[in-house]
Amino acid sequence: MSLGSIFDIAGSGMTAQSLRLNTTASNIANAETASSSTDTTYRARKPVFSAIQQSMMNPGQQGFGTQAGDDAGAGVRVDGIVESDAELQMRYEPHHPAANEDGYVFYPNVNVVEEMADMMSSSRSFQMNVDIMNTAKSMMQRILTLGQQ
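About the criteria used
Residues numbered from 1 in each chain as written. Predicted model: local features only at pLDDT ≥ 70, side-chain atom pairs only at ≥ 80, totals over all residues. Heavy atoms only, no water. Helix = DSSP H or I, 4+ residues; strand = E, 2+ residues; numbered from the N terminus. Buried < 20%, exposed > 50% of the residue type's maximum accessible area, 1.4 Å probe, protein only. Contact = heavy atoms within 4.5 Å. Areas by Shrake-Rupley, 256 points an atom, 1.4 Å probe, with all protein chains shown as cover. Phe/Tyr/Trp six-rings, centres within 6.5 Å; stacked < 30°, edge-to-face > 60°. Lys NZ or Arg CZ within 6 Å of the ring centre and 35° of its normal. pLDDT = per-residue confidence, 0-100. Salt bridge = Lys/Arg side-chain N within 4 Å of Asp/Glu carboxyl O.

(A) Spotlight on the overall build of the protein chain. The secondary structure content of the protein chain amounts to 3 helices and 4 strands. Tracing the protein chain from N to C terminus, the helices and strands come up as α-β-α-β-β-β-α. Counting only residues that meet the buried cut, the protein chain has 26% of its 149 residues in that class. The long-range share in the protein chain, meaning contacts at least 24 apart out of those at least 6 apart in sequence, stands at 71%. About 9,400 Å² of surface is accessible on the protein chain, with carbon and sulfur atoms providing 55% of the total.

Have a look at this one:
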């Protein structure tokens with residue numbers, strides 16, 4: 001595997017984790033948004049990722065650094081963002097301005113504790129990808145100085 005492909009892999013991981021952080025932040029920000037109907041209530045969102053195969057990232061370097069026939073992963077692709085189909089929270093609050101005619105208010109299906117755990121996980125994953133990029137950069141700089149000695 002070349003240093004350039006390491007940058008590609010880490011870069012795609014950073015992009016994916018950045019999107020994951022943004023959707024998590026959006027979920028937390030909307031966790032207590034009240035609505036009078038299920039149609040207008042915010043629903044938790046989650047990004048969907050898939051692995052990019054080495055042969056797709058570097059078509060001219062198939063098999064480079066891997067065993068023949070090995071389909072090693074070479075990054076992450078964001079396939080989209082899906083809304084959770086978990087049940088919404090319905091609370092009886094007849095004096096709430098957003099209460100429906102029966103006195104119920106609908107709240108998003110966001111679990112703040114789960115979202116905080118997701119945020120910590122994606123933040124750490126992002127930082128690990130930054131560390132990988134910095135290590136690859138340092139290695140590349142050392143390689144360049146070899147010819148100067």
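(B) Just the environment of Y104, in detail. Tracing the chain through its elements places Y104 in strand β4 (residues 104-107). Look at Y104 and you get partly exposed, because its relative accessible area is 30%. Here the alpha-carbon distance between Y104 and S37, two residues 67 residues apart in the chain, equals 8.8 Å. Each residue touching Y104, except ones within four places of it in the same chain, is listed here: M90, R91, Y92, A98 and A99.

(C) Just the packing of aromatic side chains, in detail. One pass over the full model with this rule turns up 1 aromatic pair. When the ring of Y92 is compared with that of Y104, the centres are 5.3 Å apart and the planes differ by 65 degrees; the resulting orientation is edge-to-face. With Y92 in strand β3 (residues 89-92) and Y104 in strand β4, this pair connects stretches of sequence that are 12 residues apart. The cationic tip of R91 hangs over the ring face of Y107; the distance from NZ or CZ to the ring centre is 3.8 Å.

(D) How the structure looks around the confidence of the model for the protein chain. Averaged over every residue, the pLDDT of the protein chain is 85; residues scoring 70 or more account for 83%. Mean pLDDT in the protein chain bottoms out at helix α2 (residues 54-57), which sits at 53, and peaks at β4, which reaches 96. Low confidence marks residues 62-70, where pLDDT is under 50. Its contacts with residues over four positions away, or in another chain, come to 5 contacts.

(E) Just the pattern of salt bridges, in detail. Here the structure, examined in full by the defined rule, presents 7 salt bridges. Note that R20 is salt-bridged to D118, the shortest N-O span being 3.3 Å. Of this pair, R20 sits in helix α1 (residues 3-29) while D118 is found in helix α3 (residues 112-146), placing the two residues 98 residues apart along the sequence. R20 gets classed as buried once you look at its relative accessible area, which sits at 15%. A salt bridge links K46 to E115; the shortest N-O distance between them is 3.0 Å. Of this pair, K46 sits in strand β1 (residues 45-53) while E115 sits in helix α3, and the two are 69 residues apart along the sequence. According to the relative accessible area criterion, K46 is partly exposed, its value standing at 24%.

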